[in-house]
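A structural walkthrough
Here is how the chains run, residue by residue.
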Amino acid sequence: MKNKILLFWAIMILVVGCIIVIMTKPTKLGLDLVGGSRLVLEAQTTNTIPKITSDHMDSLKFAIENRINAIGVAETVVQKQGDKRLIIEIPDVSDPEKAKEFLGETAELEFKRPVQNFDGTEGWESTGLTGKDLRKSLVSTNSQNGEWVVSLEFNDVGTKKFAKLTQELVGQPMAIFFNGELQSAPVIQEPIIGGHAQISGGQGGFEYEQAKNMVDLLNAGALPVPAKIIEENTVGPTLGADSIANSKVAGLVGLSFVMVFMIAYYRIPGIIADIALVIYSLIVFSVFKIIPVTLTLAGIAGFILSIGMAVDANILIFERTKEELRMGRTLFTAINLGFDRAFTSIFDSNMSTIITCTILYMLGTNVVKGFALTLAIGTIVSMFSAITVTKNFMHLLFGTGQLKHPGWFGLKAEEINSAYETDETKRENAKFGILD
Amino acid sequence: MFSNAKNIIDIVKYRWVYMIVSLMLIIPSICAMGYLTMKTGSPLLVGIDFTGGTIIQYSVDKKLNNDDIAKIRADLTKAGIENPVIQVLSASSSADGEAKTNEFISVKTAFDGDKDSTKTSTVSTTIKNLYPEAELVQVSSVGPTLGKELMKNSCIAVLLAILGICAYLSLRFHVEYALIAIFTLVHDVLFVLGVFAFLGIFCNVHVDSLFITAVLTVLGFSVHDTIVVFDRVRENLKFAAKATTFNEVVDASVNQTLARSINTSITTLITLLALYFLGGVTTKDFVLAMILGIAVGTYSSIFFASVLLVFYNNIKDAKKMKSVNP
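On a predicted model such as this, the values are computed, not experimentally measured, just so you know.

**Examining the overall build of chain A**
- Secondary structure assignment for chain A yields eleven helices and eleven strands.
- Here chain A holds 436 residues, and 43% of them are scored as buried.

Below, the structure written as structure tokens:
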């Protein structure tokens, strides 16, 4: 009995620890609950880059992170997924469309010279001078007409290239392409050797936004490979808040009905199960916060399901204990036997759940992963809480000796000694019995 | 051994009845899926998660009728959106403490992933013109190749999960127990898929990637339930007197675990029903799939798995008899 009391205090310390963790650590909520955008970018192969390597992905990730910093969104997560994908999670984005446009742009700046095509038409030819040769760019205004322009400052290599190019092209136009679109094609009046240039927006000039976007993109750097958005998920903040509120209400209502049911059917053990359930929830939540698990809607569903599994463990144990009591065993033996015999069922069924969760976690999409993780954590904790917490409380409360009040277990007095007569089972055999 | 037990359910005696009930659950399901396969090429109506496409949802405060929807469709078509599919969902929200009914307009169009495509903003402008107070609640857009990949990965995940469970059960029980557990699981999953095929035919319900999660949960629960019954059979066989027949053991085991099976599904169903009626509108179908799965999983663990076990054993006995007295 001394061990039982020690264990009880250990559980109490654990509970206090869990409450402290829950109070102090923040909950990580997924974008579907707080609102935000989740984008999946896929790197595209081109003629010059036939295969996407991990180097490409690293620099793509770097460029995307730069761009996000340029928009100035806090707490954005950029993650690599698989060989050629990036997941970008942007919370509280006010204009998802803009973010989307901004991320997908390759930001390729190219200077081109006029060329005579084979069929006699005029065309443009690459000069080798690109956005890579820039030191920085900024938005400024044209001193003559006050239009918005993009000022470029070349780095050392760029300055040399640009000087050489303008020397060759005096009297001819030089085209500036941004993302494959012709921005302007000014005629070069004289060689430019200072390493500065301006892009005007053609007739009518740039809108300020347009110029600003271009500057941000140029400063963040071009994407090393073209990337395409292949999946988008945006949740407005109200829907997220709604989902949290609804899930909370549903969870609480569900949980309280389950608790009432357990007490109505199992009486005093039911009360113990309810307390164990509360302790179980505290432990699971603090595990979520310690790891930390990002809670999504699917994750909450997984957690609610794991409550079902936790209750099931208690039900299995109580049914077995009641059976043993019906056979007229003493309380201490009945409780022990109930636990040991129910354990094989609990263990095998939970193992199969954990196997499923593992496979889901390895193969599933993000939604499925969140579900699998919370369900697996819940299932593991439920085994602990049923076997340690419930058993300990039962022993402490009921002690040893004969069952004097069958009503405590929801049994009738005449039921005792009336059940199936089975041979005494060796506990060790029952625990991990394999069918022979 | 089980002499003074009063059995609530006679599994062995009515085994044919239970078999027929199970067939009546499964055969219409298969028919519905077959019908949809012939009509659309897949056994369920699949959502944009699997086919690719864009769904944009707005919430509005006023009630919408069919004329409103026709107006939205006409305006969207005029704005250059090809074949928009418009649905209206009603949901009660309790975000600000008081319950109010919100209407959601959901617009489905082709995939909007190219950077020069401005579908989402076109749709937004059109909707805002009609309903200035409309609020964008959700956008999801999936590329067509990604959709196919998701479908493939989901199928692989389900098959691997089944294999994993099968391997584990073969280790812990006999191979035939594992196979029967798999049959039971297929029975349950077929039923859930079948109901959703019917919902697809009659209510135009499409399944998404959350649905796969639900199916996988049903799968886990089904095995969970079956294992509890089998575990009891295993234990009872071990300690049964030599005179008790296998059929008696199965009957007794099912009856001994009956209270547990029913109570567990009641408690799980309570939480799920709370989620269904009070939870978010986005997870309704997901929860419905689990409710169906857990109900049928409980039925099958009592009436289908045990019946299969009895059938299997009878066949085995018959073979043994034959080999003894040819």
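So, next bit.
**Structural notes on the domain arrangement of chain B**
- Domain assignment breaks chain B into domain 1 (15-45 + 146-324) and domain 2 (53-142).
- A separation of 38 Å is found between the C-alpha centroids of domain 1 of chain B and domain 2 of chain B.

**Overview of the domain arrangement of chain A**
- Assigned domains within chain A: domain 1 (2-30 + 236-431), domain 2 (32-105) and domain 3 (109-227).
- Once you take the C-alpha centre of each, domain 1 of chain A and domain 3 of chain A turn out to be 67 Å apart.

**Things to note about the packing of helix H10 (residues 366-398) of chain A against helix H7 (residues 209-239) of chain B**
- The geometry of H10(A) relative to H7(B) is characterised by a closest axis approach of 9 Å and an angle of 30° between their N-to-C directions. Accordingly, the angle class assigned to the pair H10(A) and H7(B) is roughly parallel. Two packed elements cross with a definite hand, and for H10(A) against H7(B) that hand is right-handed. Touching A:Val367, A:Val368 and A:Phe371 of H10(A) are B:Ser209, B:Leu210, B:Ile212 and B:Thr213, all from H7(B).
- Broken down by class, the residue content of the contact of H10(A) with H7(B) amounts to five nonpolar, two polar and no charged.

**Here we look at the confidence of the model for chain B**
Residue and element names in this part refer to chain B.
- Counting all residues, the mean pLDDT for chain B is 83, and 91% of those residues have values of 70 or more.
- Per-element mean pLDDT across chain B ranges from 70 in strand E2 (residues 85-93) up to 94 in helix H6 (residues 175-203).
- Segment residues 94-99 is flagged for pLDDT under 50; beyond a separation of four residues in sequence, or across chains, it makes nine contacts in the model.
- In the predicted assembly, ipTM is 0.81 and pTM is 0.78.

**Structural notes on the interface of chain B and chain A**
- Counting residues at the interface gives 67 residues for chain B and 68 residues for chain A.
- Only helix H4 (119-130), strand E4 (135-142), helix H5 (144-172), H7 and helix H8 (246-278) of chain B provide two or more residues apiece to the side of chain B that touches chain A.
- With 18 residues, the top contributor of residues to the side of chain B that touches chain A is H7(B).
- Class assignment of the residues belonging to the side of chain B that touches chain A gives a composition of 33 nonpolar, 26 polar and eight charged.
- Pairing between strand E11 (residues 227-235) of chain A and E4(B): five bridges, direction antiparallel. By the bridge assignment for E4(B), A:Asn233 is matched with B:Ser140.

**With respect to the packing of H5(B) against H7(B)**
Residue and element names in this part refer to chain B.
- It is at 11 Å that the axes of H5 and H7 come closest, and there the two elements cross at 5°. By the angle between their axes, H5 is roughly parallel relative to H7. In this structure, H5 contributes Leu150, Ser154, Val158, Ala161 and Ile165 to the contact, and H7 contributes Ser209, Ile212, Val215, Leu216, Leu219 and Val223.
- Considering only residue class, the contact of H5 with H7 consists of nine nonpolar, two polar and no charged.

**With respect to the nonpolar core**
- Ranked by internal contacts, the top residues of the largest apolar core, which has 193 residues, are A:Leu60, A:Ala276, B:Val192, B:Val215, B:Val218, B:Ala289 and B:Met290.
- With residues up to four places along the chain from it excluded, the contact list for B:Ala289 reads B:Val192, B:Phe196, B:Phe211, B:Ala214, B:Val215 and B:Val218.

**Focus on the pairing of strand E7 (residues 148-154) of chain A**
Residue and element names in this part refer to chain A.
- As paired elements, strand E6 (residues 134-141) and E7 share seven bridges and run antiparallel to each other. The residue of E7 that forms the bridge with leucine 138 is serine 151.
- Where E6 folds back on E7, the antiparallel hairpin that results is connected by six residues, among which glycine 146 adopts a positive phi of roughly 75°.
- Sheet topology places E7 next to strand E10 (residues 196-200); five bridges connect them, and they run antiparallel.

**Quick notes on the sheet that holds strand E8 (residues 175-178) of chain A**
All names here are of chain A.
- With antiparallel pairing, four strands are arranged side by side in an open sheet as E5-E4-E8-E9. The open sheet has two edge strands with one neighbour each: strand E5 (122-130) and strand E9 (181-184). Along the sheet, successive strands turn relative to each other by an average axial angle of 45°, direction set aside.
- As paired strands, strand E4 (residues 109-116) and E8 are joined by four bridges and run antiparallel to one another. Following the sheet pairing, leucine 109 is matched in E8 by phenylalanine 178.
- Helix H5 (residues 156-168) rests against E4 and E5 of the sheet, and its axis sits at about 150° to E5.

**Description of unusual backbone geometry**
Residue and element names in this part refer to chain A.
- Residue isoleucine 291 is joined to proline 292 through a cis peptide bond whose omega torsion reads -15°.
- Note on placement: proline 292 falls in the loop between helix H7 (237-290) and helix H8 (297-326).
- Backbone geometry at arginine 267 places phi at a positive 55°, although glycine is not the residue there.
- Among the structural elements, arginine 267 can be located in helix H7.
- On the basis of neighbour count, arginine 267 is assigned to the partly exposed category, with 18 C-beta atoms found within 10 Å.

**Brief notes about the pairing of E9(A)**
- Relative to E9(A), E8(A) is paired through three bridges, and the arrangement is antiparallel. Bridge pairing in E9(A) links A:Phe177 to A:Leu182.

**A word on H8(B)**
- Spanning 33 residues, H8(B) covers 46 Å between terminal C-alpha atoms, matching the ideal 48 Å at 1.5 Å per step.
- Of all the bends in H8(B), the largest measures some 45° and sits at B:Thr257.

**Concerning the environment of B:Ala79**
- Within the secondary structure, B:Ala79 sits in the loop between helix H3 (66-78) and E2.
- Sequence-distant contacts of B:Ala79, defined by excluding residues within four places in its chain, comprise B:Thr122 and B:Thr126.

What counts, and at which threshold
- Residues numbered from 1 in each chain as written.
- Chains lettered and ligands numbered in written order.
- Predicted model: local features only at pLDDT ≥ 70, side-chain atom pairs only at ≥ 80, totals over all residues.
- Helix = DSSP H or I, 4+ residues; strand = E, 2+ residues; numbered from the N terminus.
- Buried ≥ 20, exposed ≤ 12 C-beta atoms within 10 Å, placed from the backbone.
- Domains from an automatic or database assignment.
- Axes fitted to C-alpha atoms, helices over the stretch in contact; angles between N-to-C directions.
- Parallel < 35°, antiparallel > 145°, perpendicular 65-115°, else oblique.
- Left-handed = near helix turned anticlockwise from the far one by under 90°.
- Contact = placed C-beta atoms within 7 Å.
- Nonpolar A, V, L, I, M, F, W, Y, C, P; charged D, E, K, R; others polar.
- pLDDT = per-residue confidence, 0-100.
- Pairing = 2+ DSSP bridges.
- Core = buried A, V, L, I, M, F, W, Y, C linked by C-beta atoms within 7 Å.
- Expected span 1.5 Å × (residues − 1).
- Bend = angle between axes of the 7 residues up to and from the residue.

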